[in-house]
Amino acid sequence: MPRYNPAALEPKWQDFWQQNRVFAAPRLPQGPKLYVLDMFPYPSGNGLHVGHPEGYTATDIVCRYNRMRGRSVLHPMGWDAFGLPAEQHAKKTGTHPRTTTEANIDNFRRQLKMLGFSYDWDRELATTDVNYFRWTQFIFLKLFDTWFDPQQQRGRPIAELPIPDDVEGEAAAAIYRDEHRLAYQLEAPVNWCPALGTVLSNEEVVGGLSERGSHPVMRIPLRQWMLRITAYADRLENDLEGLDWSDSIKALQRNWIGRSTGAEVDFFIGTMGTDDGMPLTGEYEGWQTDRTAAGYPRKPGDEVLRIYTTRPDTLFGATYMVIAPEHPFVERLTRAEHADTVRAYCEEAGRKSDLDRTDLAKGKTGVFTGSYAINPVSDEAIPIWVADYVLISYGTGAIMAVPAHDTRDFEFAVEFGLPITAVVDPGEGADIPRDELLAGKVAFIADGTAINSGPYDGLSTPEFKKKIAADLDTKGQGRSAVNYKLRDWLFSRQHFWGEPFPILHELDDRGKPTGVVRALEPDDLPLDLPEDMKFDASHDSPEPPLDSAPDDWLYVTLDGKRYKRETNTMPQWAGSCWYYLRFLDPKNDEVLIDPEVEKAWMPVDLYVGGAEHAVLHLLYARFWHKVLYDYGYVSTAEPFQKLVNQGMILGQMEFTARQWPDGTFYHQAEWTSDITPEGNYVKPGSLPTTTVKVPANKVKKHGENFVWQDHPEAYVDNRSYKMSKSRGNVINPDEVVAEYGADSLRLYEMFMGPLESVKPWSMEGVSGVRGFLDRVWRMIIDARAETIVLNAAVQDIEPSAEQNRMLHKTIKAVTEDLDQMAFNTAIARMMEFTNFFTKEDPRPRSAMEQFVQLLSPFAPHICEELWQALGRDETLTLHPWPEFDESAIKEDTIEIPVQILGKLRSRIRVPADADRAALEKAAREDPRIIELVADKTIVKAIVIPGRMVNFVVK
RNA sequence: GCGAGAGUGGCGGAGUUGGCAGACGCGCUGGAUUUAGGAUCCAGUGGAUAACAUCCAUGCGGGUUCGAGUCCCGCCUCUCGCACCA
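In this numbering scheme, every chain counts its residues from 1 along its sequence in written order. Just so you know, chain letters begin at A and ligand numbers begin at 1, following the order they were written in. Since the coordinates come from a predicted model, pLDDT governs what is reported: local features require at least 70, and pairs of side-chain atoms require 80 or more to be given and counted, while whole-chain, interface and lining totals use all residues. For the side-chain quantities, the full set of heavy atoms in the structure was used; hydrogens and water were omitted.

Trainee: Which residues make up the overall build of chain A, and what values go with them?
Mentor: Scanning chain A from N- to C-terminus turns up 30 helices and 40 strands. With respect to the principal axes defined by its C-alpha atoms, chain A has extents near 105 × 85 × 65 Å. Counting over 954 residues, chain A shows a buried share of 53%. Contact definition: two residues touch when any of their heavy atoms are within 4.5 Å. For chain A, long-range pairs separated by at least 24 residues make up 71% of all intrachain contacts whose partners lie at least 6 apart in sequence. Note on areas: Shrake-Rupley with a 1.4 Å probe; residue coverage comes only from the protein chains shown. In the form shown here, chain A has an accessible surface area of approximately 43,700 Å², with 51% of it arising from carbon and sulfur atoms. This count recognises Lys and Arg as positive and Asp and Glu as negative, with His and chain-terminal groups excluded. Where a charge lies is defined by one atom per residue type: Lys uses NZ, Arg uses CZ, Asp uses CG and Glu uses CD. Taken together, the 105 basic and 143 acidic charged side chains of chain A have centroids lying 5 Å from each other. Labels follow the DSSP assignment, with helices taken as runs of H or I lasting at least four residues and strands as runs of E lasting at least two, numbered in each case from the N terminus. The buried label goes to any residue with under 20% of its type's maximum accessible area, the exposed label to any with over 50%, and the partly exposed label to all in between, with areas taken from a 1.4 Å probe on protein chains only.

Trainee: Before we move on, could you go through the sheet that holds strand 11 (residues 218-227) and cite the residues and values that matter?
Mentor: The rule for pairing is simple: two strands pair if DSSP sees at least two bridges between them. The strand order 8-7-11-21 describes an open sheet built from 4 strands, whose pairing is antiparallel. Edge positions in the sheet fall to strand 8 (198-200) and strand 21 (489-490), since each of these pairs with one other strand and no more.

Trainee: An account of the sheet that holds strand 26 (residues 606-610) is needed here, citing residue identities and associated values.
Mentor: The strand order across the open sheet formed by 4 strands is 2-1-26-27, and the pairing between neighbours is parallel. Each edge of the open sheet carries a strand with a single partner, namely strand 2 (72-74) and strand 27 (643-646). Taken over all neighbouring pairs, the strand axes of this sheet differ in orientation by 20 degrees on average, direction set aside. Taken together, the 3 bridges between strand 1 (residues 33-38) and strand 2 define a ladder with parallel strand orientation. Bridge pairing in strand 2 links Leu34 to Val73. Only the stretch in contact is used when fitting a helix axis, every axis being a line fitted to C-alpha atoms; angles between N-to-C directions are given from 0 to 180 degrees.

Trainee: Which residues make up the side chain of Arg493, and what values do they have?
Mentor: Tracing the backbone shows Arg493 in the loop between strand 21 and strand 22 (503-507). Looking at Arg493, its side chain comes within polar contact range of the main-chain oxygen of Leu490, at 2.5 Å. Among all residues touching Arg493, those that are not within four sequence positions of it are Asn568, Thr569, Met570, Pro571 and Trp573. Here a polar contact is taken to be a pair of N or O atoms separated by no more than 3.5 Å, where protein atoms must pair a possible hydrogen donor with a possible acceptor and residues adjacent in sequence count only if both atoms sit in side chains.

Trainee: Describe helix 22 (residues 742-751), and please don't skip the residues or the numbers.
Mentor: Helical geometry note: an α-helix holds 3.6 residues per turn, so side chains three or four residues apart project in the same direction. Burial analysis of helix 22 places 9 of its 10 residues in the buried class, the great majority of the element. Considered for burial, the residues of helix 22 that qualify are Ala742, Asp743, Ser744, Leu745, Arg746, Leu747, Tyr748, Glu749 and Met750. Just beyond helix 22, the residue with positive phi is Gly753, at close to 160 degrees.

Trainee: So what's going on with the domain arrangement of chain A? Residues and values would help.
Mentor: For the domains described, the bounds stem from an automatic or database domain assignment. When cut into domains, chain A gives domain 1 (31-126 + 573-648), domain 2 (260-483), domain 3 (654-719), domain 4 (733-883) and domain 5 (891-953). Placing a centre on the C-alpha atoms of domain 2 and another on those of domain 3 gives a separation of 54 Å.

Trainee: Pulling in residues and values, what's your account of helix 8 (residues 247-257)?
Mentor: Buried within helix 8 are the following residues: Ile249, Lys250, Gln253 and Ile257. Buried positions in helix 8, seen along its axis, are confined to an arc of 100 degrees and lie on one side of it. Opposite the buried face of helix 8, by more than 90 degrees, sit the exposed residues Asp247 and Asn255. Buried residues along helix 8 sit against helix 7 (233-238), helix 20 (616-630) and strand 27. Here the arc refers to the directions that run from the helix axis out to each C-beta atom.

Trainee: Talk me through unusual backbone geometry; I want residue IDs and the actual numbers.
Mentor: Residues Met602 and Pro603 are joined by a peptide bond in cis, for which omega reads 0 degrees. Looking at the element boundaries, Pro603 is found in the loop between helix 19 (595-601) and strand 26. Looking along the chain, the bond that leaves Asp841 and enters Pro842 is cis, with omega of 5 degrees. Even without glycine at this site, Asn452 takes up a positive phi of about 50 degrees. Among the secondary structure elements, Asn452 is positioned in the loop between strand 19 (449-450) and helix 15 (461-475). The partly exposed category is assigned to Asn452, whose relative accessible area is 45%.

Trainee: Report on the packing of helix 23 (residues 763-780) against helix 26 (residues 845-855), specifying residues and quantitative values.
Mentor: Axis separation between helix 23 and helix 26 bottoms out at 11 Å; the angle between their running directions is 155 degrees. Classed by the angle they form, the pair helix 23 and helix 26 counts as roughly antiparallel. The chirality of how helix 23 crosses helix 26 is left-handed. Side by side, helix 23 and helix 26 meet where Phe772, Leu773, Val776, Met779 and Ile780 of the first sit next to Met848, Phe851, Val852 and Leu855 of the second. Residues are grouped as follows: Ala, Val, Leu, Ile, Met, Phe, Trp, Tyr, Cys and Pro are nonpolar; Asp, Glu, Lys and Arg are charged; all remaining types, including Gly, are polar. A class-by-class count of the residues in the contact of helix 23 with helix 26 yields 9 nonpolar, no polar and no charged. Oblique is the label for any angle not under 35 degrees, not over 145, and not in the 65 to 115 range, which are roughly parallel, roughly antiparallel and roughly perpendicular in turn. By convention the crossing between two helices is left-handed if the near helix lies anticlockwise of the far one by an angle smaller than a right angle, and right-handed if it lies clockwise.

Trainee: Account for the nonpolar core, naming residues and giving values.
Mentor: We define the nonpolar core as a collection of buried residues of types Ala, Val, Leu, Ile, Met, Phe, Trp, Tyr and Cys that are connected through side-chain atoms lying within 4.5 Å of one another. With 173 residues, the main nonpolar core has Trp624, Trp761 and Leu855 as its most contacted residues. When residues of this core are assigned to domains, at least three map to each of domain 1 (31-126 + 573-648) and domain 4 (733-883). Of all hydrophobic cores here, the second largest spans 52 residues; its members include Ile269, Val330, Val367 and Leu472.

Trainee: An account of the environment of Lys364 is needed here, citing residue identities and associated values.
Mentor: Within the secondary structure, Lys364 sits in the loop between helix 12 (354-357) and strand 15 (367-374). Residues Lys364 and Phe412, spaced 48 residues apart in sequence, show a C-alpha to C-alpha distance of 5.7 Å. Within the structure, the side chain of Lys364 is placed 3.2 Å from the side chain of Glu411, a separation counted as a polar contact.

In structure tokens form, the structure reads like this:
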């Protein structure tokens, strides 16, 4: 009875591959290399999700295909294993996170092996391995020991940092160095959630509440480690150019980096408080003279408010200024009579979450400080306001407001009755009516011609920008500047389950930190987490859990000084920033990677993963890579040459009808746009509808819409939703494999559609590809025999011309589709092959063999079994890929469509190599065409040999 | 609002440089076989019509062309990302 039985045959071949180490990659590539990488998973307690095998199958197919084509393939897998859930679990149960993590990894590994992926398991690693994070810590030490040289545009050892003359003394020099390191410390606000007893990342905070459990989140300042990724912003942006990534991902990264060019300008505010808040004219004039002589200073003094603008050409239109509520000058600038309102406003702003503050739907808010600054081009005093639409974290945290040419400033000016002066003329034919602009009724933000700008009148916006930047520079009042939306990377987390920082804080005699930090020596690494930690659910301080680590871990005495270890840990991103390097040399105890090995395998030729990592992970990893590149640890400027993002797999299509409380169904005629967030309808005098699921087989099409067969009036909505536990539409790979087999799961996920698209799951679809594999099996195997023997139709004969054509067409199509990662169409071609050959009898063994080779990257288990049944005893995995013969595909005669006025009217059969004249003649002689053109004249014939004929008639 | 992408049968999706729209799979209809089948095999399946003929069909409206799913212009809808970045 040997029916196709994946449950028996798949484990058999998985054992075979493992025992023979078929997929182990050599230390150095033998021949042309291919490094194919999956984004390694976080081993969650829920196990594998059907989204994981999507990308993994795609890369596995690429690897298996390329091995058969003679490439030396490296295909590793590992675990991004630090993460909050294991720590939360520890707090609840007391189980050490390492125990939980290891159990989860075991489950993930079992599931991946069950799917037959051709990983080199000898290279497996986890970010939580002490021998791995030893080198993560090593890289951190490098970052700590590096400053970015803007001239050379590269990272250099901190010892090489030139100390300016105005920095005097070794203590000041040390501070200066600390200010320039790629890893530095900062007081930064964190999202502290008292109910969860943990600090959350911004992504984990939704609307001021924690994503899990919806508990209130407070923003409190805490000492943090930051990484100076902004120093590398230009290189991160420019180097995108040469990468084989989709334009949309590149656009996403460029957008995130958000480079803008403009100017910094200092507005004079004076150092002496005056009764009316106006700077003193005499002091201002003195300042102007000083600046012209001394030039524009690196850091602004107390006498000016420094702003950043992309539109220095609108300086004459700056009618007020705004500083962020967190700006250090707020208190200084606030005059006594405004103190209460300003303080209240800033406190309120501090309480608001980022989300609340950036809610555009709400109008602009702000308060006047009572002080004024002097506009350096017009010498006029303009009021300084505090408003939360200005962000402290961008530019200088202060702006000049030009309401006539900036929509945000315009809104604010209208709200608070501030003057609006137009200084850019849109010209004739612009979208904006000029008279309304001049009257302060609208804002115009595009380029134009300068007006009301003194000596600059008549200049175009770009000319103006260039000239004013030069003039400000001459006067020492401003200079060209570049800014990025990209912020420095907040690199510390208040968690236990992460990499400890290899950093010590010096303590004074009373045990208080002196502010001096000392890095561990690379030879002192790894610094492991303390073994004997107590995990306590009642931990309710925002301080890191490691603060309550045992003293023998926490305190260190070195050279007679007492130190406390850094108790923050690194974020989950850290480990994933360089794992692709360690896979090349995972057991090396001497260096993070052997340069010979690095040179031979890097870069990653194909990197596949979810689009959710399109920005942060890829940006962070590229940043680290560039730092390592600057030190020569890696030989390529970029780590990932080709990147493909797989699309999300949604749940099975759901059909829903909406029912009113009175039992009637929502129908087309009562169309309403009043809909609740859940998609339920609202009408006066009734409670909203409730959602009713409709069985798929009861849905019928009616006109443009779907209706419910049992209630033909009911309007039925059809949609697929993201898989989620709460919706109950999650598909478990274990169950799919148990019912259909791993090969069917793999094949289905590739058959659903293009790898990059979002696609809904369909269990019927899985059953469909299982049917295909059943047919393949029966095409080759005698399903009625007791043992596995070939189908009697499979014989050692030469293929017929037609069979040969089918075979070679299939080889060609599958090969070309694989080169383009068009897996869905490759599978379709193989289905066509099977549909053809199951009708053939006899079936040449050679054709069957080559077909099995084509199918094997997709469905490796069944193919190994068939390969063996066909009499081959070595593994199929390394057997050379079939070549196609173009001459076998060629047909003697082909069918050519004949059109009249572009409409298909007939088909003619002609020799494949028929030339233009022969084609036209054959078409003119076709009886159907003769009939149709009988009473017309052919004015023109368009003939494309091998393609079509089109007659233009009158 | 900005940026990116996508709209093709009942569903997932194919469609090379513009050249036979709907490959392949699911679903559906009919038939064969079977004790039975959610098994297997055969045939059909975009819509309209009595039609093997014709007309209409790739989100909508224009345009270019002998010929447009594909190119151009203008809309609409959906998805994703960013979101007061001065």
